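# Residue-level structure breakdown
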Amino acid sequence: MKQCINGHLVDDSSNFCPQCGAEVFGHSLFCPHCGQKCWANENFCIKCGTPLHSKNISTHNATSQFVNTKPKTTMYIVAAVCAVVLLGIGGFIGWKYLSKDHSFKKIADSKVLSNVHISRSEDYSLKKIAEVVNGCNNLGDFHEGRAWFCKNEKCGFVDKKGNVIVPAKYCSVADFKEGRAWVANEEGDEYWCGYIDLDGKEVVPIKYRAALGEGGYSDISFSEGLAAVDRRTDNDDSPIYGYIDKMGNEVIPAKFRDVEDFRNGIASVRFDFDDPAVYIDKTGKVLTAKELKSHHEIVTFWQGDKMGLKHLDGNVVVPGEYDIIQNYSEGMAAVCKGNRWGYVDSFGNNIIPCSYHSRLFYDNGVMDDWGEYGAPDEANDFHEGLVMIMKNGKAGFLDKQGKVAISFLYERAKDFSEGFAAVKKAGKWGFINKEGKNVIPCQYDKVASFREGLVAVVKNGKSGYINTKGKEIVPFIYDKPEDWEPLHDFHEGLAVVRKNGACGYVDKKGKVHLILFRNLNNRII
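None of the values given here were measured: they were computed from a predicted structure. (Residues numbered from 1 in each chain as written. Predicted model: local features only at pLDDT ≥ 70, side-chain atom pairs only at ≥ 80, totals over all residues. Heavy atoms only, no water.)

All right, on to the overall build of the protein then. From N to C terminus, the protein includes 6 helices and 41 strands. Considering the protein as a whole, with its 525 residues, one finds that 40% of them fall into the buried category. (Helix = DSSP H or I, 4+ residues; strand = E, 2+ residues; numbered from the N terminus. Buried < 20%, exposed > 50% of the residue type's maximum accessible area, 1.4 Å probe, protein only.)

What follows concerns the pairing of strand β31 (residues 404–410). Every regular strand shows the same layout, with side chains that alternate between the two sheet faces. In this sheet, β31 lies alongside strand β30 (residues 394–398) in antiparallel orientation, the contact comprising 3 bridges. Counted as the bridge partner of L398 is V404 from β31. (Pairing = 2+ DSSP bridges.)

Take L386: it is sitting in the loop between α6 (359–362) and β29 (387–391). Classification of L386 as buried rests on a relative accessible area of 9%. Sequence-wise, L386 and G396 are 10 residues apart; in three dimensions their C-alpha atoms are separated by 9.8 Å.

Locating Y322 in the fold gives a position in strand β24 (residues 316–322). In this structure Y322 touches K306, M307, V335, C336, K337, V344, N350 and C354, once residues within four positions along its chain are discounted. (Contact = heavy atoms within 4.5 Å.)

The next subject is the nonpolar core. Counting 27 residues, the largest nonpolar core has Y195, Y243, I244 and I280 as its most contacted members. For this core, the secondary structure elements donating two or more residues are β11 (181–187), β12 (190–196), β13 (202–209), β16 (227–230), β17 (241–244), β18 (250–256) and β20 (267–270). Counting 25 residues, the second largest nonpolar core, distinct from the first, contains I440, A456, F490 and V497. (Core = buried A, V, L, I, M, F, W, Y, C linked by side-chain atoms within 4.5 Å.)

The next subject is the pattern of salt bridges. Inspection of every chain in the model, using the stated rule, returns 15 salt bridges. Taking the shortest distance from any N to any O, the salt bridge between K306 and D323 comes out at 2.5 Å. Residue K306 is located in strand β23 (residues 306–311), and its partner D323 is located in the loop between β24 and β25 (324–325); the two are separated by 17 residues in the primary sequence. What makes K306 partly exposed here is its relative accessible area of 27%. (Salt bridge = Lys/Arg side-chain N within 4 Å of Asp/Glu carboxyl O.)

Moving on, we come to the packing of aromatic side chains. Tallied over the full model, the rule gives 12 aromatic pairs. Note on F256 and F271: the rings are 5.2 Å apart at their centroids and 55 degrees apart in plane angle, and the pair reads as tilted. Here F256 is found in strand β18, whereas its partner F271 is found in the loop between β20 and β21 (278–280), with 15 residues between them in sequence. Classification of F256 as buried rests on a relative accessible area of 0%. Taking 5.4 Å as the distance between ring centres and 85 degrees as the angle between the ring planes, the aromatic pair formed by Y343 and F382 counts as edge-to-face. Highlighted residues: Y343 in strand β27 (residues 340–345) and F382 in the loop between α6 and β29, separated in sequence by 39 residues. Its guanidinium or amino end placed over the ring of W429, K414 lies 5.3 Å from that ring's centre, counting from NZ or CZ. (Phe/Tyr/Trp six-rings, centres within 6.5 Å; stacked < 30°, edge-to-face > 60°. Lys NZ or Arg CZ within 6 Å of the ring centre and 35° of its normal.)

This part is about the pairing of strand β7 (residues 146–151). Taken across its 6 residues, β7 has 5 buried, putting it largely inside the fold. Across 2 bridges, the pairing between strand β6 (residues 138–139) and β7 is antiparallel. In the sheet register, N138 faces β7, and the bridge partner there is C150. What sits between β6 and β7 in their antiparallel hairpin is a turn of 6 residues, with E144 showing a positive phi close to 55 degrees. One ladder, built from 6 bridges, connects β7 with strand β8 (residues 154–159); its direction is antiparallel. The residue of β8 that forms the bridge with A147 is V158. The turn joining β7 and β8, which pair antiparallel and follow one another in sequence, is formed by 2 residues; a positive phi near 55 degrees is taken by N152.

The subject of this paragraph is the sheet that holds strand β26 (residues 332–337). A sheet is described by the order of its strands in space; here 4 strands give the open sequence β25-β26-β27-β28, paired in antiparallel fashion. With one partner strand each, in any of the chains shown, β25 and β28 (352–356) form the two edges of the open sheet. For β27 and β28, the ladder comprises 2 bridges, and the chain directions are antiparallel. Residue pairing in the sheet places Y343 in a bridge with I352 of β28.

An order of β22-β23-β24 is seen for the 3 strands of this open sheet, with the pairing classed as antiparallel. The open sheet is flanked by β22 (298–303) and β24, the only strands paired with a single partner. Taken pair by pair, the neighbouring strands of this sheet meet at an average axis angle of 20 degrees, ignoring direction. Here 6 bridges tie β22 to β23, and the two strands are oriented antiparallel to one another. When the bridges of β23 are listed, I298 appears paired with H311. (Axes fitted to C-alpha atoms, helices over the stretch in contact; angles between N-to-C directions.)

Per-residue confidence for the protein averages 80 on the pLDDT scale, and 71% of its residues sit at or above 70. Low pLDDT, under 50, characterises residues 54–73; the predicted model gives this stretch 25 contacts beyond four residues in sequence or across chains. (pLDDT = per-residue confidence, 0-100.)

A few words now on unusual backbone geometry. A positive phi angle, near 55 degrees, is found at N152, a position not held by glycine. You can see N152 is positioned in the loop between β7 and β8. Since its relative accessible area comes to 68%, N152 is described here as exposed. A positive phi angle, close to 55 degrees, is found at E452, a residue other than glycine. The residue E452 is located in the loop between β36 (446–447) and β37 (454–459) in this model. By relative accessible area, which is 5% here, E452 ends up buried.

This part is about the side chain of K246. Here K246 shows up in the loop between β17 and β18. No salt bridge is formed by the buried K246; its nearest oppositely charged neighbour, E178, is found at 4.3 Å. Engagement of the side chain of K246 in a polar contact is seen with the backbone oxygen of E178, the distance being 2.3 Å. (Lys, Arg positive; Asp, Glu negative; His and termini not counted. Polar contact = N/O pair within 3.5 Å; in protein donor to acceptor, adjacent residues only side chain to side chain.)

Okay, the environment of M332 next. Relative to the helices and strands, M332 resides in strand β26. Sequence-wise, M332 and V344 are 12 residues apart; in three dimensions their C-alpha atoms are separated by 5.6 Å.

As structure tokens, then:
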């Protein structure tokens, strides 16, 4: 058996939890430093950031780190005693059960059961959640069992059982990650931020200036147990970043003008905006080229006005000859010359020549800062071994050898997700599998991508959800989003829906509980 992120036991063959819909990981382990329970696919402890995958850490089960091995004889004796006790208890319970009337009528007459769903698989309450989010103008997806909601221009958090974790009191919030959520309030003309834990406690007080990005204030989540915070004083014109741990301890002093998240134990920082980037470890030590040789990441660099790729120790993989290079995805990086895209592998080999256009190139052209069309834009990344690319105005898919895996037949297409990709023909969307077979006909006005076995689609002006066979699971009765709004995916077994302006959540069986608005004549509006 395996476990999902919320701790439910799941069959080994399942990728998603049947109880809550959360993604299923392998076996769990404990952090050797603080004892925090973590998952086998994590490289660092979500609480203290300690590396997890050293040779002396076992991932066989959640308790293997702290259980002392007993002699086999003792184990046999204990097992025999437990078996006798359990048999006795089981016999007593069986006698009590058989001595009572368990007719279906009595079960039907039970007040308790008549008011609840008779299903052990449901670890959530749509009704209680609906009562909390009644009157909200916006809802977030569930992450780590919590979702944010906005009411009267303030934000709070609710869990899947409908318990209010934090009332609506913050000006801005972000999703939970690594057991922490970024929260912010406005003071004067600035936003100040801190972090709350899964119980809603402000473990990091709201005392840091919120980072200002291109589109406004940006949330900074924890990554590998650390988060960058701005420690600038009133005398500073620009941010000065340091790093804090998940309890708010300042573990790396504030002395950087530009920072990135920690990945695999290191982070890229700049002491000043004009300085070259250097890499630090979790103590704040600047790593030398020799120390970086053990890290195998490949990063972009600028050579004049061109981009290239290099290892962290400075060893060049691809010389500076491209107009733009995107980050690696599944071992391949998109590279652009002029307005044509190709892909290089992790050895720098140009596997797919720069001879294809991106989707954005055909969407009314791509305009640069000077108002000229045909500027470098953004290409799709590889997903599940294939990449969507455009040729002569048509969308198709290539494999990692540059061979055409799915012919250029479609007006538009989306990336593969859970074995399926959305494709557009004659103005309507449907889905294909990796063999290029049209498994769900092109009949929808708008679609998302599959997540947790279901996908949001729009038909005849209403949105609903279908499964991988095209069967309608959640009926087409919900408001479709505006053209600029995305469709909501399922997260941890629930998805955000709207009906007649009211917000709520629907589960993967199509069950929903919405408190709809009524007018003076008691009619739903």
